[in-house]
Amino acid sequence: MAAHRCGFLPPLFILCALSVLTVTWTQETIPLGSHRAAAADSKPTDTKSVAQTTEQLAVEQRQWEATEVEEATSAAAAVSKQDNSSPEDVVQTSTPKPKDEFQEELVVRPLHSGDIYASFQFRTLWQTDFTRERKVSHYGLFPKSLGQVISKFSVRELHISFTQGYWRTMQWGQPFLSSPPGAELWVWFQDTVTDVDGTWKELANVLSGIFCASLNFIDSTNTVQPTASFKPLGIGNVTDHRFLRYATLPREIVCTENLTPWKKLLPCGTKAGLAVLLKSEKLFHSSFYSQAVHIRPVCQDWQCKTASWELRQTLNVVFDLHNSGQGKREWSLFKMFSRTLTEACPLASTSKIYIDVTDNPEGEQFELSPATALLSQAVVLGDRRTFSVYDLTQQITFGTVRSLNVLMRWKSSEGDMLRPLLHAERYVAGYGLQTGEIHTLMYNNHPYRSFPVLLLDSVPWYLRMYIHTLTVTSKGKDNKPSYIHYQPSKDRVRPHLLEMLVQLPPNSVTEVTVEFERALLKWTEYTPDPNHGFYVGSSVISSLVPSLVALDTNSTWQRPLFSTFFPCKEESSYFVRVYTEPLLVNLPTPDFSMPYNVICLTCTVVAVGYGSLYNLLTRTFQIEEPSPGLAKRLANIIRRMRGVPPL
């Protein structure tokens, strides 16, 4: 029997291999009927199952190829109707590789407080669509790590930011793109995702590894699902907020290990272009630092027939004049970043530096060196601003020394800052460790126009809010919100979520107050430094603020990057998102040193008591004779030397 098996298996294996090779080689030339006849007549009953399996695979392969041909033909027919060409010509044309585009720019704005605001913008456009092409193998300028994240987790929009410090709105004005202190992450998923919470948790863990951050601490206790805030910033009318998740980590510390992977996402890295200025020692020695990554689908042209993915990397930093140790108000690229520019990124289509000279129309306040004749105007945050432009793609910009070091030398510090129309503050009131109040102040500095604002407040579960104590007052009168959404918390499961739509009267301060009670945590839920306090994330205020000038609703690629992030749909208003300060709340904290004191006291008592008793029970007492005197010891030595017995 063994010999029969040994003699039968090799021919069967060879027959199977030959049959598969024959089918593969002849599937384009042999008809299906002749293939069946050849499979039926080629071998006895022992190989019928193999032939049937091979035939089924061949039929499925033909059906799959026929489906692809039909889809390609239908697509070619649709294109041929527009181009007046035949479908055969379109089918034979090979599909072009995705076309990428990279842009970079730096905006420098002198602040009225004497500080310098520098904003980096890097945008990468990738002409592909993950909704149709699930698997993309060709990557150009777009980073593969983020492309795989979008494809695997079916992400429609992703926005993540890391911020160190707090933006002082009343001293610095409105930033181009605001972000809360710590880490912030909000994601829109596609409607094909079935388990949004599971996908959200796994996505946070992956992003935690990519950016070397503590995003793995994002869970259900600090994640909310807004119903009105955080609308999509890209194309698409997504209104189902079940696919939206938002979370913050206000205690996240930003340092060099977060900046390094962020810089590696750039096409040129830090070898060329504006990214050369991103030196960690200078960036983190500042009053404010924020880096962000935004991914969203955008239109490729003004008709928006096709979509592409936009990766926008932003970095905002504010340098303090007094912390820099300089005695005079003079700034340059080398003094800010310890480096100068020698070339643009070779992969960038545009590379520009914008210097805000709106308050310096005739050079009365400061002068720029080297001077540039290029000027550009853009509407930023509802105000028309004028910028001096340095185009790094032009060799004339670097001069004969092949280096660019823009110098700003002040002549006068006079000038008034335009107060921001929308500003917000937040603080905790009360005494003791049992109850308290959260106060949120929203300022409308417009002299004669009112506008609505959307307030989102996420409070941890250990601050038990009393929603019946919610009050909204403006100018001493009750201001009833037109929309309120409140989702109560569950202990150790989810936080509070409060959303309100409030109308802010002109030139007024609107105060939102709510009472809360502090919960007593388990001893394992306290942080290593519980007496430092527990952080509560910033409130988010979104609004369409009246504009001072008419806005351009036509989105064009020629506009600067810092003025095209938020979509503009109205000429009379612009979108603003404002964050308040995070809160630091003390909770009832037990004396964690008491166990240590008890252990020390107990061990001391046991050691003294048990040690004494043990010595008394185990020690043996012996009577010792008194030692002889010196004379007697000398006499014994002499007697021993003489061989006489000692005394």
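Heads up: these notes are all about the structure in this document. (Residues numbered from 1 in each chain as written. Predicted model: local features only at pLDDT ≥ 70, side-chain atom pairs only at ≥ 80, totals over all residues. Heavy atoms only, no water.)

This part takes up the pattern of salt bridges. For the coordinates displayed, the defined rule picks out 15 salt bridges. Note that Asp491 and Arg464 form a salt bridge whose closest N and O atoms lie 3.2 Å from each other. In this pair, Asp491 sits in the loop between strand 20 (483–487) and strand 21 (496–504) while Arg464 sits in strand 18 (residues 463–474), placing the two residues 27 residues apart along the sequence. Using a relative accessible area of 37% as the deciding quantity, one classes Asp491 as partly exposed. Overall, Arg464 belongs to the partly exposed group, its relative accessible area being 33%. What you see here is one network of salt bridges that share partners, running through Arg123, Arg296, Glu310 and Arg312. (Salt bridge = Lys/Arg side-chain N within 4 Å of Asp/Glu carboxyl O. Helix = DSSP H or I, 4+ residues; strand = E, 2+ residues; numbered from the N terminus. Buried < 20%, exposed > 50% of the residue type's maximum accessible area, 1.4 Å probe, protein only.)

This part covers the packing of aromatic side chains. Within the structure shown, the criterion is met by 24 aromatic pairs. When the ring of Phe120 is compared with that of Phe122, the centres are 6.3 Å apart and the planes differ by 5°; the resulting orientation is stacked. Given the relative accessible area of 1%, Phe122 is considered buried. Where Phe366 meets Trp410, the ring centres are 5.4 Å apart and the plane angle is 45°; that geometry is what we call tilted. Here Trp410 lies in strand 14 (residues 407–410) and Phe366 lies in strand 11 (residues 366–369), a separation of 44 residues in the sequence. (Phe/Tyr/Trp six-rings, centres within 6.5 Å; stacked < 30°, edge-to-face > 60°.)

Enumeration according to the criterion identifies 1 disulfide in this entry. Here Cys268 connects covalently by a disulfide to Cys345, the sulfurs 1.8 Å from one another. Note on the Cys268 and Cys345 pair: the S-S dihedral is about 70°, so by sign convention the disulfide is right-handed. Residue Cys268 is found in the loop between helix 8 (256–264) and helix 9 (280–283), and its partner Cys345 is found in the loop between helix 10 (333–337) and strand 10 (350–356); the two are separated by 77 residues along the sequence. Judged by relative accessible area, which is 16%, Cys268 ranks as buried. Summary of cysteine pairing: Cys212 is not part of a disulfide, and the nearest cysteine sulfur, belonging to Cys255, is at 9.0 Å. Note on Cys212: relative accessible area 38%, which makes it partly exposed. The partly exposed category is assigned to Cys255, whose relative accessible area is 29%. (Disulfide = S-S within 2.5 Å.)

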